[in-house]
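The chain contents come next:
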Amino acid sequence: MKFRLLIMLVFCLSCFQKTSNAQTKPNIIVIVADDLGYGSLGCYGQQMIHTPNIDALAAGGIKLTDYYSGSSVCAPSREAMLTGMHTGHTFIRGNFLTDEKEDPAMPSDKTTLAELLKQNGYETALFGKWGLGGEGHGPETQGFDSSFCYLDQIKAHNYYPPFLYENGKKIKIKANANDGRGEYSHHLFAAKTLTYISNRKKDQPFFLFLPYTLPHGEYTLPAAAPYSSKDWKELFKVYATMISLLDSDVGRIVQALKDKGLFENTLIIFTSDNGANLAFAKFFNGNGPYNGAKFGLNEGGIRVPFIAHWNGKIKPARQSNHVCASWDILPTICEAAGIQRSSKIDGVSFLPSLLNQKQTAHEYLYWEYYNYNYNWDKPENNLPRNYLDSRAVRIGKWKGLQQNMYKDKNAAIELYDLSNDAGEKINLAEKNPEIVKQVQQVFKEASLPDPPFFPYTK
């Protein structure tokens with residue numbers, strides 16, 4: 001009898017321990033805006049567009065000043081974030097802009113952040129834009145228990161889509177009787193998000209990945225009310241409203257977490273997949289003080305906002321100039337969740353920076369950006385099927401940049417001292433030949449010698 005009681009006691013203690021462990025793991029929400037530049041938020045200096053809810057996250061947590069996206073366009077940036085690899089090692093290194101063919105899929109043997117978290121007791125979900133493969137290659141194949149999303153990035157340009165994908169299955173979106181359009185997709189993603197949070201249990205940690213499409217084009221909205229009285233072009237009114245809508249839904253997410261009693265144990269990350277388009281960078285100062293825009297590897301194309309909030313862990317109203325990038329998110333979240341992960345990645349956890357502790361610095365950050373040409377076989381087209389357009393490296397205060405390489409594979413390397421020239425206006429390459437040699441060495445060692453991704457024949 002005593003033996004039975006002992007066994008029962010051990011069993012109960014074991015169950016309690018498992019529950020206790022689950023409760024101590026933080027919930028994790030990663031919100032990724034689409035084409036939101038460094039200067040597009042109030043907390044990063046924006047004066048024309050109102051973002052009070054995102055600003056409140058920054059005030060209650062930390063913002064990074066030297067955080068970079070994985071690429072200057074969306075698909076490779078997403079792969080970098082989910083796999084912990086920079087674009088010298090990712091499969092996808094550029095966007096495929098075509099309505100005729102589906103984007104290539106990230107290989108299934110890639111280990112994603114969602115898979116690591118799922119293997120360690122997390123429920124995982126994605127609502128928004130996947131952009132890493134079509135049917136049969138969606139989030140459900142890469143570690144996400146639940147998903148509601150666009151698969152192909154080009155289809156995500158339509159905010160009134162005829163269909164979306166839920167857990168890998170095509171779901172038709174009912175057309176509106178008045179105008180024949182479906183529902184505004186972001187509203188659908190926001191509703192899914194809030195329902196998901198309301199259904200969570202405190203003893204089951206979750207990872208919620210929200211690669212929302214705002215404020216990417218097509219630039220359209222049911223209404224541009226907040227800025228309708230402004231003396232701006234309609235395009236700018238709509239764009240500003242898209243950012244404010246995103247901000248409003250961040251506020252709704254925070255409130256839903258509070259209502260459910262989950263806010264205290266949730267790490268919330270807000271960032272962007274690349275810089276703003278040039279028109280918005282100019283009109284709204286959307287990329288802040290930085291030169292360039294989306295599609296380029298100047299600072300304006302890849303330096304983006306990063307905000308983290310975690311009650312009781314991250315001290316409020318902090319700012320860090322730790323130099324890091326989106327491929328660091330995987331090891332950062334794994335460390336926050338107490339998860340072991342492979343050392344064969346490019347990312348370095350910056351959790352110590354978030355927690356105001358001693359931080360390991362990168363030796364360098366590296367990017368390369370490819371253009372892909374589906375019309376390569378047309379007689380009038382003299383460009384190759386795919387080609388390296390540009391590459392860049394940051395080593396401490398130095399930024400090395402090589403651009404327009406499709407015209408000249410040996411294009412001159414530009415060199416900027418970001419500590420004194422954040423706008424990349426003064427090329428110091430001739431005055432610093434030793435630093436240029438370091439840049440050349442990184443270019444040589446950081447990229448796979450035989451990119452595995454093409455020819456693409458689908």
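Whatever comes next refers back to the structure up there.
This report concerns the structure included in the present document. None of these values were measured; they are calculated from a predicted model. (Residues numbered from 1 in each chain as written. Predicted model: local features only at pLDDT ≥ 70, side-chain atom pairs only at ≥ 80, totals over all residues. Heavy atoms only, no water.)

Next up on the list: the overall build of the protein chain. Looking only at helices and strands, the protein chain has 11 helices and 16 strands in total. Residue burial in the protein chain is summarised as follows: out of 458 residues, 59% are buried. A separation threshold of at least 6 residues defines the contact pool for the protein chain, and within that pool the share at least 24 residues apart is 67%. Surface summary for the protein chain: the accessible area is close to 20200 Å², and the carbon and sulfur share equals 51%. (Helix = DSSP H or I, 4+ residues; strand = E, 2+ residues; numbered from the N terminus. Buried < 20%, exposed > 50% of the residue type's maximum accessible area, 1.4 Å probe, protein only. Contact = heavy atoms within 4.5 Å. Areas by Shrake-Rupley, 256 points an atom, 1.4 Å probe, with all protein chains shown as cover.)

Here strand β16 (residues 414-417) shows no split at all, with E414 and Y416 on one side and L415 and D417 on the other all buried. Sheet topology places strand β15 (residues 398-402) next to β16; four bridges connect them, and they run antiparallel. Paired with L401 across the two strands is E414, which belongs to β16. (Pairing = 2+ DSSP bridges.)

Another point: helix α6 (residues 234-259). The terminal C-alpha atoms of α6, which comprises 26 residues, lie 37 Å apart, in line with the 38 Å expected from a rise of 1.5 Å per residue. Of all the 26 residues making up α6, 19 are buried; the element is thus mostly covered by neighbouring parts of the structure. Once α6 ends, the next one or two residues include G261, with phi positive near 75°. (Expected span 1.5 Å × (residues − 1).)

A few words on the nonpolar core. Of all hydrophobic cores here, the largest spans 58 residues; its most connected members are I29, I31, L208, I253, L257, F270 and I307. Looking at this core, the elements that each hand over two or more residues are β1 (27-33), α2 (52-59), β4 (123-129), β5 (146-150), α5 (185-198), β8 (206-210), α6 and β9 (266-272). When residues of this core are assigned to their parent elements, the largest contribution, 13 residues, is made by α6. Once you skip the residues sitting within four places of it in the chain, I253 turns out to touch I29, I31, T193, L194, I197, L210 and Y212. Membership of the second largest hydrophobic core comes to 46 residues, among which are F209, A337, I339 and I345. (Core = buried A, V, L, I, M, F, W, Y, C linked by side-chain atoms within 4.5 Å.)

As a further point, take the packing of α2 against α6. Here α2 crosses α6 at 55°, and the two axes come no closer than 7 Å. When the axis of α2 is compared with that of α6, the two are oblique. Where α2 abuts α6, its residues P52, N53, I54 and L57 lie against D247, S248, V250, G251 and V254. Split into classes, the residues belonging to the contact of α2 with α6 amount to five nonpolar, three polar and one charged. (Axes fitted to C-alpha atoms, helices over the stretch in contact; angles between N-to-C directions. Parallel < 35°, antiparallel > 145°, perpendicular 65-115°, else oblique. Nonpolar A, V, L, I, M, F, W, Y, C, P; charged D, E, K, R; others polar.)

Take the sheet that holds strand β11 (residues 318-320) next. In a beta sheet, neighbouring strands are held together by backbone hydrogen bonds and run either parallel or antiparallel to one another. Across the sheet, 10 strands lie side by side as β7-β6-β5-β4-β8-β1-β9-β10-β2-β11; this open sheet has mixed pairing. In the strand order of this sheet, the two ends are held by β7 (169-172) and β11, each with one partner. Strand-to-strand twist across the sheet, computed as the mean angle between neighbouring axes with direction ignored, equals 15°. By the bridge criterion, seven bridges tie β1 to β9 in an arrangement that is parallel. Opposite V30, over in β9, you have I269 as the bridge partner.

For the rest of this paragraph, the subject is the packing of α5 against α6. Between α5 and α6, the least distance of the axes is 9 Å, while the angle of their chain directions is 10°. Here α5 is positioned roughly parallel relative to α6, judged by the angle of their axes. Judged by residue contacts, H186, H187, A190, T193, L194 and I197 of α5 engage L245, D249, R252, I253, A256 and L257 from α6. Tallied by class, residues from the contact of α5 with α6 come to seven nonpolar, three polar and two charged.

Under the 1.5 Å per step criterion, the end-to-end length of α5 is 20 Å for 14 residues, consistent within 8% with the ideal 20 Å. Among the residues of α5, S185, H186, L188, F189, A190, T193, L194, Y196 and I197 are the ones counted as buried. Residues of α5 that are buried in the fold lie against β1, β4, β5, β6 (163-166), β8 and α6.

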